[in-house]
Amino acid sequence: MHQKRSYAVVLVVSTLVGLLEVALTVVVVVLYVQTQPPPDRDPDWVEIGAALVGTVPLIGFISFLLSLVFVLPAVALADLLGRWLGRHAAWWSAPLIVAALLTPPVFGYAAYNDTQTRATLLFWVSATASLSAGALIALPRDDRLLGRVARWGTGVVVGTGLFGALGLAVGLLPAYEPPAIGPQTMIGLWNDRMGHDLVFTSDGQVTGTFPGCSGSGTWVYEGGRDVWTQKVRVDIPGCTLPVWDVGGTAEEPRILQRIGDPDSGTLFRLDKSPDGSWPRGSTSR
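Residues numbered from 1 in each chain as written. Predicted model: local features only at pLDDT ≥ 70, side-chain atom pairs only at ≥ 80, totals over all residues. Heavy atoms only, no water.

Trainee: Tell me about the overall build of the chain, and name the residues and values.
Mentor: Of regular secondary structure, the chain possesses 7 helices and 8 strands. For a compact globule of 285 residues, the expected C-alpha radius of gyration is about 19 Å, and the chain comes in at 27 Å, more than 25% above that figure. Projected onto the principal axes, the alpha-carbon positions of the chain cover approximately 90 × 45 × 30 Å. Per-residue burial over the chain gives 34% buried out of 285 residues. Here the analysis covers contacts within the chain between residues at least 6 apart in sequence; of these, 55% occur between residues at least 24 apart. (Helix = DSSP H or I, 4+ residues; strand = E, 2+ residues; numbered from the N terminus. Rg over C-alpha atoms; globule rule 2.2 N^0.38 Å. Buried < 20%, exposed > 50% of the residue type's maximum accessible area, 1.4 Å probe, protein only. Contact = heavy atoms within 4.5 Å.)

Trainee: Explain the pairing of strand β4 (residues 213-222) to me, using residue names and the numbers behind them.
Mentor: Pairing geometry for strand β3 (residues 205-210) and β4, over 6 bridges, is antiparallel. Opposite Q205, over in β4, you have T218 as the bridge partner. The turn joining β3 and β4, which pair antiparallel and follow one another in sequence, is formed by 2 residues; a positive phi near 85° is taken by G212. Examined bridge by bridge, β4 and strand β5 (residues 231-235) share 5 bridges and lie antiparallel to one another. Looking at β5, one finds that T218 is bridged to D235. (Pairing = 2+ DSSP bridges.)

Trainee: Just give me the short version of the environment of P105, but keep the residues and values in it.
Mentor: Secondary-structure assignment places P105 in helix α4 (residues 89-112). C-alpha of P105 to C-alpha of W124: the two residues are 19 residues apart in sequence and 9.9 Å apart in space.

Trainee: How would you explain the nonpolar core if you had to name every residue and give the values?
Mentor: Within soluble globular proteins, side chains that are nonpolar generally end up buried alongside one another. Counting 27 residues, the largest nonpolar core has V13, V75, V98, L102, L131, A135 and V149 as its most contacted members. Elements with a minimum of two residues in this core: α1 (7-33), α3 (56-85), α4, α5 (117-138) and α6 (145-170). Setting aside residues no more than four positions away along its own chain, A135 makes contact with V71, V75, A94 and V98. Among the nonpolar cores identified, the runner-up in size contains 20 residues, and L198, V206, Y221 and I236 belong to it. (Core = buried A, V, L, I, M, F, W, Y, C linked by side-chain atoms within 4.5 Å.)

Trainee: Tell me about the side chain of T15, residues and numbers included.
Mentor: By the secondary structure assignment, T15 is in helix α1. On the accessibility criterion, T15 (13% relative accessible area) is buried. Not counting residues up to four positions away in its chain, the partners in contact with T15 are G60, S63, F64 and S67.

Trainee: A description of the packing of aromatic side chains should follow, citing residues and the corresponding values.
Mentor: Tallied over the full model, the rule gives 5 aromatic pairs. For the pair W190 and F200, a centre-to-centre distance of 6.5 Å together with 85° between the ring planes defines the contact as edge-to-face. Separated by 10 residues along the polypeptide, W190 in strand β1 (residues 188-191) and F200 in strand β2 (residues 197-200) bring together distant segments of the chain. The class for F200 is buried, based on a relative accessible area of 1%. On the basis of an interplanar angle of 35° and a centroid distance of 5.8 Å, the ring pair of F210 and W244 is categorised as tilted. Taken together, the residues span a long stretch of sequence, with F210 in strand β3 and W244 in strand β6 (residues 243-248) at a distance of 34 residues. The same class applies to F210 and to W244, which are both buried. Here the aromatic cluster, defined as three or more aromatic residues joined through ring pairs, consists of W190, F200 and W219. (Phe/Tyr/Trp six-rings, centres within 6.5 Å; stacked < 30°, edge-to-face > 60°.)

Trainee: Go over the sheet that holds strand β8 (residues 267-272), please, and point to the residues and values.
Mentor: Strand order in this closed barrel of 8 strands is β1-β2-β3-β4-β5-β6-β7-β8, and the pairing throughout is antiparallel. Sheet twist, expressed as the mean angle between neighbouring strand axes with direction ignored, is 30°. Where β1 lies against β8, 2 bridges are found, and the strand directions are antiparallel. Across the sheet, residue W190 finds its bridge partner in β8, namely K272. (Axes fitted to C-alpha atoms, helices over the stretch in contact; angles between N-to-C directions.)

Below is the structure:
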């Protein structure tokens, strides 16, 4: 005789799965960020962490509502099909029911707001996969299901973070490094969209335009002990922007430096302008 279904447990388990999915997504995003060029302004991880913790109640409430509206009906209908077609029908029917329940609101909203078809389909598939995971995990009729989901789910999130950090440390994941440029890379125009620029020539001459100063001078590239310590030194009389760090990627190199108080976040960033065209870089303050 089958154990009686507790739909309260289904609701709690599905809500927990939603929270764990968000936590896993955050961990994966943080790991991915470590493989990309850093943003113009250094992130305040304490502030970001506090903000994430503060949103947990809201995320939990949203997960509860989604579970109530989509997952709970999907499990109930899957149980019904299981009684008609056999016990295993519940497993393959639950994702199909979730997809069917999501179709009217997702595509109705997209039609009303004239959303692009590709974006709508991607959201629909992602939402179906996320909510189907909650439905499938909540399907077993087991008094210890909630505890197992909490333990294993937490283990997956923590394990992903630990293995990701280890992968970054030993090189299995490609942690970001500035491109290894040289003197030849520097030759040409470097600028932003604010009218600030440096023009490097192969004979060691440079012409620059910056707030409060402009003129000509000399430059030299210093390789340093590694890609993180390579520098470009610029000497233009009257300008106080002598040393530039290297950033960006090999395809889109940039030079940058912080101005004034290191904690002020003021940053000049110049991008290499291919063929004299305007780059996609910017100056951040």
